[in-house]
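Each chain, letter by letter, is given below.
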Amino acid sequence: PLLTEVPKLKKLSKEEFKAAYDKGIKLIDARNKVDFANGFIPGSINIQGNNAFATWAGWFLKYDEPFMLVATQAQLEDLTRKLMRIGLDNVYGFIEDVSPWVALGNTLEKGNVISFDEFQNLYKNNNIQLVDVRGESEYKAGHIKGAENIFVGTLAENLNKLNKDKQIVIQCQSGDRTAIAYSLLAKHGFKNVKNYSGGMNEWVNTGNPVVSEN
């Protein structure tokens with residue numbers, strides 16, 4: 001349908017939110033990756049409300065499926081516009097933060113974000129599965145030795161490539177895509193995942209070597 005103005009989204013009461021959540025309606029959390037890691041609703045997908053929001057929403061949402069947002073009132077118009085531009089207008093409603101979930105007596109999950117030093121220790125011990133969730137061309141241009149490339153956009157279709165018996169560490173360029181990847185893996189029941197959020201930027205800036213395939 002032709003949309004001539006930005007629709008006003010419905011703010012869900014905690015009861016309405018819980019009913020929709022229990023039905024399996026997807027939940028996209030548009031908060032900053034740090035806020036998300038500090039406490040998120042189980043099963044939610046973290047797509048930060050920045051310029052790449054619509055790009056990633058397009059990877060993980062279907063046009064005909066309803067979904068909910070965790071987003072502030074101040075974010076809503078911008079996010080709704082971004083979604084409209086790619087035809088994603090089936091927004092069931094929104095909550096402003098995770099408090100409705102907590103108010104219902106539920107607990108939040110936390111993201112396991114690790115520092116450069118923690119990553120180096122894990123990497124040197126070598127009993128990890130390191131997954132680079134960037135695009136193939138970025139990976140080929142330069143990656144950490146031993147890292148496997150599984151693009152975040154196709155991660156959900158490639159879960160069989162992940163070893164649940166090993167410590168999984170995920171990294172990208174600067175931590176935005178690993179925030180998405182971490183939330184997807186948590187949604188699919190992976191518990192043994194650490195997010196090296198500093199990613200390639202930090203790895204290279206601290207003078208560490210990369211492997212290229214170009």
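Rules behind the numbers
- Residues numbered from 1 in each chain as written.
- Predicted model: local features only at pLDDT ≥ 70, side-chain atom pairs only at ≥ 80, totals over all residues.
- Heavy atoms only, no water.
- Pairing = 2+ DSSP bridges.
- Helix = DSSP H or I, 4+ residues; strand = E, 2+ residues; numbered from the N terminus.
- Contact = heavy atoms within 4.5 Å.
- Axes fitted to C-alpha atoms, helices over the stretch in contact; angles between N-to-C directions.
- Salt bridge = Lys/Arg side-chain N within 4 Å of Asp/Glu carboxyl O.
- Buried < 20%, exposed > 50% of the residue type's maximum accessible area, 1.4 Å probe, protein only.
- Right-handed = clockwise from strand over helix to strand, strands pointing away.
- Parallel < 35°, antiparallel > 145°, perpendicular 65-115°, else oblique.
- Left-handed = near helix turned anticlockwise from the far one by under 90°.

A. Structural context of the sheet that holds strand β1 (residues 26-29). On the basis of which strands lie adjacent, the open sheet formed by four strands has the order β2-β1-β3-β4 and parallel pairing. Bordering the open sheet on either side are β2 (45-46) and β4 (91-95), each of which pairs with just one other strand. Of the pairings in the sheet, the one linking β1 to β2 comprises two bridges and is parallel in character. Bridge pairing links Asp 29 to Asn 46 in β2. Packed on one face of the sheet, helix α1 (residues 14-22) meets β1, β3 (67-70) and β4 and runs near 130° to β3.

B. Layout of the pattern of salt bridges. In total, this model carries twelve salt bridges according to the counting rule given. The salt bridge involving Glu 16 is made with Lys 10; its shortest N-O contact spans 3.2 Å. Judged by relative accessible area, which is 31%, Glu 16 ranks as partly exposed. Here Lys 10 falls in the partly exposed class, since its relative accessible area comes to 43%. Measuring nitrogen to oxygen at the nearest pair gives 2.9 Å for the salt bridge that ties Asp 29 to Arg 31.

C. Just the sheet that holds strand β8 (residues 167-171), in detail. Taken in spatial order, the five strands line up as β5-β9-β8-β6-β7 in an open sheet, and their pairing is parallel. Every interior strand has two partners, whereas the edge strands, β5 (113-114) and β7 (148-149), have only one. Examined bridge by bridge, strand β6 (residues 128-132) and β7 share two bridges and lie parallel to one another. Along β7, the bridge assignment pairs Val 131 with Glu 148.

D. Local environment of the pairing of β3. Here β3 shows two buried faces, one formed by Phe 67 and Leu 69 and the other by Met 68 and Val 70. For β1 and β3, the ladder comprises four bridges, and the chain directions are parallel. In the strand pairing of β3, Lys 26 is matched with Phe 67. Once you follow β3 into helix α4 (residues 73-85) and on to β4, the crossover reads as right-handed.

E. Fine view of the packing of helix α3 (residues 53-60) against α4. For the pair α3 and α4, interaxial distance at closest approach is 9 Å and the crossing angle is 55°. What the angle tells us is that α3 and α4 run oblique. Relative to α4, α3 is oriented so that their crossing is right-handed. Across from Phe 53, Ala 54 and Ala 57 in α3, the residues of α4 making contact are Leu 79, Lys 82 and Leu 83.

Distances and angles like these do not, on their own, reveal function.
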